[in-house]
Amino acid sequence: MERIKQAIEKVKQQQSKEAAPAAQPQQERLLEKHTFQAENLLEVSYSKTRVVKLRAGHLEKHRIFAFNKNDPTSLIFDVLRTQILQKMEENGWRTLAVTSPTPAVGKTVVAINLAMSIAQKTDRTAMLVDFDLRQPRIGTYLGLPMDKSLNDLLEGKAELSDIFVNPDIPRLVVLPTRSAARNPSETLSSSAISGLIKELREHYESRITIFDLPSLLHSDDAIAVIPQIDCILMVVANGMSTKREIDDALRHLSKANLLGTVFNKAQ
Ligand SMILES: Nc1ncnc2c1ncn2[C@@H]1O[C@H](COP(=O)(O)OP(=O)(O)OP(=O)(O)O)[C@@H](O)[C@H]1O
Ligand SMILES: [Mg+2]
């Protein structure tokens, strides 16, 4: 009797396996949603840019949701994207820095989700650049290989086109940073960095370049580079940013074009 039960169970399991498609590996989950369409690539030359497949589970673990239109969080980033693009278009701005008063409020998470959301507008390409030269995180959050990165460009060991990565999302290009620079603030105010910002800004009119910066009050890194970037998005976090810190940060931004503030980690 027991044997018959086991046999029936086995057949049932076999049938349910056949009826339901096998669980897709996480990497494939993402790729299905982002089938590459050559006509949508605009000016970015993907023949030169490395294409890296992302894993949905890894992204979600790092609070990156904007790649998935079925996720409610992606709608929040679309609203933010539209507000930002309207202001940038009105003023002819093409470069945007994301910063905050203090660390760990969610700048990098906001920068990545925003870049993905902008890239989903078919008339835009988005470039995401890791300018946190103390604790670069974009590559880690996206799960990118970083054998070539901004570090190599700055050390003269790679060309700009060698370090671009397309994370298999149309119209999104990432410029990751692998490790901390020796002199972050000096590097960010160097002529190499101003040349890079200019190059990224001038090359393509339809491209929005987002720079992920460190916070304003813990080092002078952000202050060193902000004058070269068209406009700023400030991120503050619920229960983390005090009024005094926000006021101090705003004082540093008095000459910058502050687009607005994201209130993150709200309950
Ligand atoms: N809305 C949110 N709710 C909860 N946790 C969040 C939210 N946004 C970001 N986080 C988490 O907060 C932590 C810090 O996020 P992130 O690295 O983006 O911050 P950051 O401001 O870039 O930090 P840093 O100043 O070190 O660069 C991460 O663990 C991230 O997953
Ligand atoms: Mg960060």
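For the structure itself, look to the data block above.
These figures come from a predicted structure and were not determined experimentally. (Residues numbered from 1 in each chain as written. Chains lettered and ligands numbered in written order. Predicted model: local features only at pLDDT ≥ 70, side-chain atom pairs only at ≥ 80, totals over all residues. Heavy atoms only, no water.)

Caption draft 1: Summary view of the overall build of the protein chain. Each helix and strand counted, the protein chain has 12 helices and eight strands in total. Within the protein chain, contacts between residues separated by at least 24 positions form 81% of all contacts whose residues are at least 6 apart in sequence. For the protein chain, the exposed area adds up to about 13700 Å²; of that, 50% sits on carbon and sulfur atoms. (Helix = DSSP H or I, 4+ residues; strand = E, 2+ residues; numbered from the N terminus. Contact = heavy atoms within 4.5 Å. Areas by Shrake-Rupley, 256 points an atom, 1.4 Å probe, with all protein chains shown as cover.)

Caption draft 2: How the structure looks around the pattern of salt bridges. Tallied over the entire structure, the rule returns 13 salt bridges. Linking Asp221 and Arg134 is a salt bridge whose minimum nitrogen-to-oxygen distance equals 2.6 Å. You can see Asp221 sitting in helix H11 (residues 221-225) and its partner Arg134 sitting in the loop between strand S3 (125-130) and helix H6 (138-142), a full 87 residues away along the chain. Taking relative accessible area as the criterion, Asp221 reaches 0% and is therefore assigned buried. Given the relative accessible area of 41%, Arg134 is considered partly exposed. (Salt bridge = Lys/Arg side-chain N within 4 Å of Asp/Glu carboxyl O. Buried < 20%, exposed > 50% of the residue type's maximum accessible area, 1.4 Å probe, protein only.)

Caption draft 3: Fine view of the site of ligand 1. Lining the immediate surroundings of ligand 1 are 13 residues, of which Lys107, Thr108, Tyr141, Asn264 and Lys265 lie closest. Taking Ala104, its main chain carries an N or O atom lying 3.0 Å from an oxygen atom of ligand 1. Interatomic distance of 2.9 Å between a backbone N/O atom of Val109 and an oxygen atom of ligand 1. Ranked by residue count, the leading element in the shell around ligand 1 is helix H5 (residues 107-119), at three residues. Split by residue class, the shell around ligand 1 holds five nonpolar, four polar and four charged. (Near = heavy atom within 4 Å. Polar contact = N/O pair within 3.5 Å; in protein donor to acceptor, adjacent residues only side chain to side chain. Nonpolar A, V, L, I, M, F, W, Y, C, P; charged D, E, K, R; others polar.)

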